[in-house]
Amino acid sequence: MKLKHIYLPALLGISLFTSCSDDDDSLDATAPEIIVNEPTNDAHFHKGEEIHLDVDLLDNEALASYKIEIHSNFDGHTHGEARLLTTASPWAYQSTENIEGNVKEYNIHQHIVIPEDILEGAYHLGITAIDHVGNQNQAFIEIEVGDHDNHGDTHTLSIENLIASDVAPGSDIHTEAALTAAHGIQKVVVNIHGHGLNPTGDEIAWTFDQEYTNYSGTSATFHEHIDVPANAAEGEYHITLTLIDNNGEHTSKGAHFHINHEAGGHDH
């Protein structure tokens, strides 16, 4: 009897739950997806530089808004102590934007200038995406700002004088930069992607990812010619160089260039 007395309410609970679930089948309960393309986790920056933010937001129904925030991570659970300056304070950044229309895919492309008068150290960069019914998702990465790496050593990884020439489809990009790595160059990673492209016909939104291991020593001049497909869509592109040293530390720098038929370059 006791078993029957317990079993019946259980069935009733299941029945009610099933009924409610059936009623809610039409509701959107899926949170947006966030893909942080740049910067990479643990990327290093100096004060006064720009953070190139490239993030893709995806939703099954419609996106409504997003928030960008940067705050200090000076408790040191992964990055160590902050480098204190008596006249500076931790950097705090926040920006919220609405996404108009019935948009399922949205690319965030921003350049955030790092102030000169902030404390050096570890920071969290976060993205919050909200859809049309209020479902939300968050993604956070860690970045380092200052002249020290994540192990507390003086940071002597740098990419300077990055050049990426405008180019015509079917030719090649001349790209050049001065590399410095006190612990030795392990490799250089190059990423290229477009922004706001509108391919037509057989055109493609061209992307490029490649590692270069032919550079070594503590300094080098990166100099490569990268082939551009003849059917690459015209428009604005962004190139990012990431320099990785033999300790696994890395730093990145980006630049914009354009692909259009009026630009120069060498035909394949």
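What you are looking at is a predicted structure, and each value in this text was computed from that prediction instead of being measured.

Definitions and cut-offs
Throughout, a residue's number is its position along its own chain's written sequence, starting from 1. Where local features are concerned, this predicted model is filtered to residues with pLDDT of at least 70; where side-chain atom pairs are given and counted, the filter is 80 or more; whole-chain, interface and lining totals use all residues. Values reported for side chains reflect all heavy atoms of the structure, with hydrogen atoms and water molecules removed beforehand. Helix and strand definitions here come from DSSP, where helices need a minimum of 4 consecutive H or I residues and strands a minimum of 2 consecutive E residues; each element is numbered from the N-terminal end. Categorising residues by exposure relies on relative accessible area from a 1.4 Å probe, with only protein chains included: less than 20% of the type maximum marks a residue as buried, more than 50% marks it as exposed, and the intermediate range marks it as partly exposed. Any two residues having at least one pair of non-hydrogen atoms within 4.5 Å are treated as being in contact. Working definition of accessibility: Shrake-Rupley area with a 1.4 Å probe, residue cover restricted to the visible protein chains. A carboxyl oxygen of Asp or Glu within 4 Å of a side-chain nitrogen of Lys or Arg is what we treat as a salt bridge. Counted as a polar contact is a pair of N or O atoms within 3.5 Å, where, for protein atoms, one must be capable of donating a hydrogen and the other of accepting one, and residues adjacent in sequence contribute only when both atoms are in side chains. What makes two strands pair is DSSP finding at least two bridges between them. Under this scheme, a helix contributes an axis fitted over its contacting stretch, all axes are lines through C-alpha atoms, and angles between N-to-C directions fall in the 0 to 180 degree range. Pairs were defined over the aromatic rings of Phe, Tyr and Trp, the Trp ring being its six-membered one, requiring ring centres within 6.5 Å. Orientation was assigned from the angle between planes: stacked under 30 degrees, edge-to-face over 60, tilted for the rest. Only buried Ala, Val, Leu, Ile, Met, Phe, Trp, Tyr and Cys residues count toward a nonpolar core, and they belong to the same one when joined by side-chain atoms within 4.5 Å.

Things to note about the overall build of the protein
Inference 1: When you go through the protein residue by residue, the secondary structure sums to one helix and 15 strands.
Inference 2: For the protein, the proportion of its 268 residues judged to be buried stands at 43%.
Inference 3: The contacts of the protein with a sequence gap of at least 6 include a subset with a gap of at least 24, amounting to 73%.
Inference 4: A total accessible area of about 14100 Å² is found for the protein, and carbon and sulfur atoms account for 50% of it.

Structural notes on the pattern of salt bridges
Inference 1: Throughout the structure, instances matching the rule amount to four salt bridges.
Inference 2: As a salt-bridge pair, K47 and E120 come within 3.8 Å of each other at their nearest N and O atoms. Taken together, the residues span a long stretch of sequence, with K47 in the loop between β2 (43-45) and β3 (50-58) and E120 in the loop between β6 (105-113) and β7 (121-131) at a distance of 73 residues.
Inference 3: Overall, K47 belongs to the partly exposed group, its relative accessible area being 22%.
Inference 4: Classification of E120 by relative accessible area gives buried; the value is 11%.

As for the environment of H250
Inference 1: One can find H250 in strand β15 (residues 250-259).
Inference 2: Classification of H250 as buried rests on a relative accessible area of 14%.
Inference 3: Separated by 205 residues in the primary sequence, H250 and F45 place their C-alpha atoms 10.0 Å from one another.
Inference 4: A distance of 3.5 Å separates the side chain of H250 from the side chain of T40, its partner in a polar contact.
Inference 5: Within the structure, the side chain of H250 is placed 3.2 Å from the backbone oxygen of N41, a separation counted as a polar contact.

Regarding the pairing of strand β4 (residues 63-72)
Inference 1: Relative to β7, β4 runs antiparallel, the two sharing nine bridges. Bridge pairing in β7 places H71 opposite H124.
Inference 2: Taken together, the six bridges between β4 and strand β5 (residues 93-98) define a ladder with antiparallel strand orientation. Within the sheet, the bridge partner assigned to K67 lies in β5 and is T96.

Section: the sheet that holds strand β1 (residues 33-38)
Inference 1: Pairing is antiparallel across the open sheet formed by three strands, whose spatial order is β1-β3-β6. Two strands close off the open sheet at either side, each with one partner strand: β1 and β6. Here the average twist between neighbouring strands, direction ignored, is 20 degrees.
Inference 2: With nine bridges joining them, β3 and β6 adopt antiparallel strand pairing.

So, the packing of aromatic side chains
Inference 1: The final tally for this structure, using the stated rule, is eight aromatic pairs.
Inference 2: Taking the centre distance of 5.7 Å and the plane angle of 35 degrees together, the rings of Y66 and Y106 count as tilted. Taken as a pair, Y66 in strand β4 and Y106 in strand β6 lie far apart in primary sequence, 40 residues in all.
Inference 3: With a relative accessible area of 5%, Y66 lands in the buried category.
Inference 4: Among the aromatic side chains, those forming a connected cluster through ring pairs are W206, F208, Y237 and F257.

Comments concerning the nonpolar core
Inference 1: One finds V190, I192, W206, F222, Y237, L241 and F257 to be the most contacted residues of the largest nonpolar core, which totals 31 residues.
Inference 2: Looking at this core, the elements with two or more residues in it are β9 (158-164), β10 (172-180), β11 (185-195), β12 (208-212), β13 (219-227), β14 (235-245) and β15.
Inference 3: Excluding anything up to four places from it in sequence, I192 contacts I173, W206, T207, F208, I226, Y237, H238, I239 and F257.
Inference 4: If you look at the next biggest cluster of nonpolar residues, it comprises 27 residues, including F45, Y123, I127 and I143.

Quick look at the sheet that holds β9
Inference 1: The strand order across the open sheet formed by three strands is β9-β10-β13, and the pairing between neighbours is antiparallel. Since the sheet does not close on itself, it has two edges, and those belong to β9 and β13, each with one partner. Geometrically, the sheet is characterised by an average inter-axis angle of 15 degrees between neighbouring strands, direction not taken into account.
Inference 2: Both β9 and β10 contribute to a ladder of five bridges, which runs antiparallel. Residue pairing for β10: I163 is matched across the bridge by E176.

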